[in-house]
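# Residue-level structural notes
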Amino acid sequence: MSFQPGPALGLALLALLYGRAVSVLGRRGYHVPVAQQAYWWAGWVLLSAAFLSPLDDWAQEALSAHMAQHVLMADIAVPLLMIGIRNPVLQFFLPRSILVPLAHRHRLRAGFRWLRRPMVAIPVYTVVLYAWHLGPTFTGALQNSFVHALQHQSFILLSALVWWPLIEPNHRRLPADLWKIPYIVGARLPTMFLGMAFIVAQSPFYASYYGTGTRGGGLSWSSDQQFGGAIMMVVDVITLMVVLSVVFWRAALADDAENAPVGEAGAQRELAGVEKELDVKPGAQVAHVRQ
């Protein structure tokens, strides 16, 4: 396994910034929930595995390993990191000396708000995703380390833009908006179609790099290609199921919070008034009313 100083330094910086934000908040009296920190560190470990584990070497020998690497970093690690950085951690993630100048760059902030709009984030991500999977750009990334790093960084950053409207890390709790259901479907369909293309294709993709013979793990080109597409499809299906379940669950909780407490409080006040008026014990009011 070859050591990559760039990703290693970036991962170390992410860990230091997160640890610093949690420490600062702790000194101010706010303790970041353990579950939230667990999401962050799970995402950080998976992102580290995508770059620094043997998977990075296997990606040079098999297309399926390369697809697994991309899915791991962009579709699994990124949303976990974003859940873990939810406010107020997000506000303290960058040091004040960096955050304040960025906050005063109004064009930068406006551009970021525009890019993370649902109707913008999905098309931009889709165009970049498909552009990187064209033959010349994909093999070019495999043959040039700088282009490869640019490919990975674009996947991570644009994936964060797509996940932002759904997770909304600038809120302390996930808002229960049902529009997020068609949004996540629209966000995952392009990758599902791409994965399906790998499965049904009758000719090898990127044969100039991976060849048409036996590949890493003893896979034929067709098995390798189909396995890579299947990885993408399975992750997309699981993602859809998880997001749909969470959004419906949060929506149900929000509905209960809006309606049930008011009704229960009113019922309790009415019950207390009846008991006081009839001068009965709490367990006997029903019989009294019937009499």
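## Comments concerning the nonpolar core
Leu47 and Trp163 are the most contacted members of the largest nonpolar core, which totals 62 residues. With eleven residues, helix 4 (residues 63-84) is the largest single contributor of residues to this core. Those residues in contact with Leu47, other than ones at most four positions away along the chain, are Leu11, Leu14, Met73, Ala77, Leu81 and Ile156.

## What about a positive patch on the surface?
Where like charges cluster on the molecular surface, the positive patch consists of Arg20, Arg27, Arg28 and Arg96. Positionally, Arg20 belongs in helix 1 (residues 5-27). A relative accessible area of 31% places Arg20 in the partly exposed class.

## A short note on the confidence of the model for the protein chain
For the protein chain, the average pLDDT comes to 86, and 87% of its residues sit at 70 or higher. Mean pLDDT per element in the protein chain: helix 14 (residues 285-290) is the minimum at 37, and helix 2 (residues 34-52) is the maximum at 96. Of the regions scoring below 50 in pLDDT, residues 274-291 engages in nine contacts with residues more than four places distant in sequence or in other chains.

## Structural notes on the packing of aromatic side chains
A complete count under the given rule lists twelve aromatic pairs for this structure. Taking 5.8 Å as the distance between ring centres and 85° as the angle between the ring planes, the aromatic pair formed by Tyr18 and Trp41 counts as edge-to-face. Note that Tyr18 is positioned in helix 1 and Trp41 in helix 2, a separation of 23 residues in sequence. The buried category is assigned to Tyr18, whose relative accessible area is 0%. Taking 4.0 Å as the distance between ring centres and 10° as the angle between the ring planes, the aromatic pair formed by Phe138 and Tyr206 counts as stacked. Of the two residues, Phe138 sits in helix 9 (residues 135-143) while Tyr206 sits in the loop between helix 11 (180-200) and helix 12 (207-210), which places them 68 residues apart along the sequence. The two residues Phe138 and Tyr206 agree in class, both being buried. Ring pairs connect the aromatic residues Tyr18, Trp40, Trp41, Trp44 and Phe93, which therefore count as one cluster.

## Focus on the pattern of salt bridges
Taken as a whole and judged by the stated rule, the model has four salt bridges. Linking Arg188 and Asp236 is a salt bridge whose minimum nitrogen-to-oxygen distance equals 2.7 Å. Taken together, the positions of Arg188 in helix 11 and Asp236 in helix 13 (residues 221-278) put the pair 48 residues apart, joining distant regions of the chain. For the pair formed by Arg188 and Asp236, the shared burial category is buried. Between Asp224 and Arg215 there is a salt bridge whose closest N-O contact spans 2.9 Å. Neither Asp224 nor Arg215 differs from the other in exposure class; each is buried. Overlapping salt bridges bring together Asp75, Arg188 and Asp236 as one network.

## Quick look at helix 9
Where helix 9 is concerned, the buried positions are Phe138, Thr139, Ala141 and Leu142. One side of helix 9 holds all its buried residues, which, seen down the axis, span an arc of 150°. Facing away from the buried side of helix 9, by more than 90 degrees, are the exposed residues Pro136 and Gln143. Where the residues of helix 9 are buried, they touch helix 4, helix 8 (118-132), helix 10 (145-167) and helix 12.

What counts, and at which threshold
- Residues numbered from 1 in each chain as written.
- Predicted model: local features only at pLDDT ≥ 70, side-chain atom pairs only at ≥ 80, totals over all residues.
- Heavy atoms only, no water.
- Core = buried A, V, L, I, M, F, W, Y, C linked by side-chain atoms within 4.5 Å.
- Buried < 20%, exposed > 50% of the residue type's maximum accessible area, 1.4 Å probe, protein only.
- Helix = DSSP H or I, 4+ residues; strand = E, 2+ residues; numbered from the N terminus.
- Contact = heavy atoms within 4.5 Å.
- Patch = residues over 30% accessible without salt bridge, like charges linked within 9 Å, V, L, I, M, F, W, Y side chains within 5 Å.
- Areas by Shrake-Rupley, 256 points an atom, 1.4 Å probe, with all protein chains shown as cover.
- Salt bridge = Lys/Arg side-chain N within 4 Å of Asp/Glu carboxyl O.
- Lys, Arg positive; Asp, Glu negative; His and termini not counted.
- Charge placed at Lys NZ, Arg CZ, Asp CG, Glu CD.
- pLDDT = per-residue confidence, 0-100.
- Phe/Tyr/Trp six-rings, centres within 6.5 Å; stacked < 30°, edge-to-face > 60°.
- Arc of directions from axis to C-beta.

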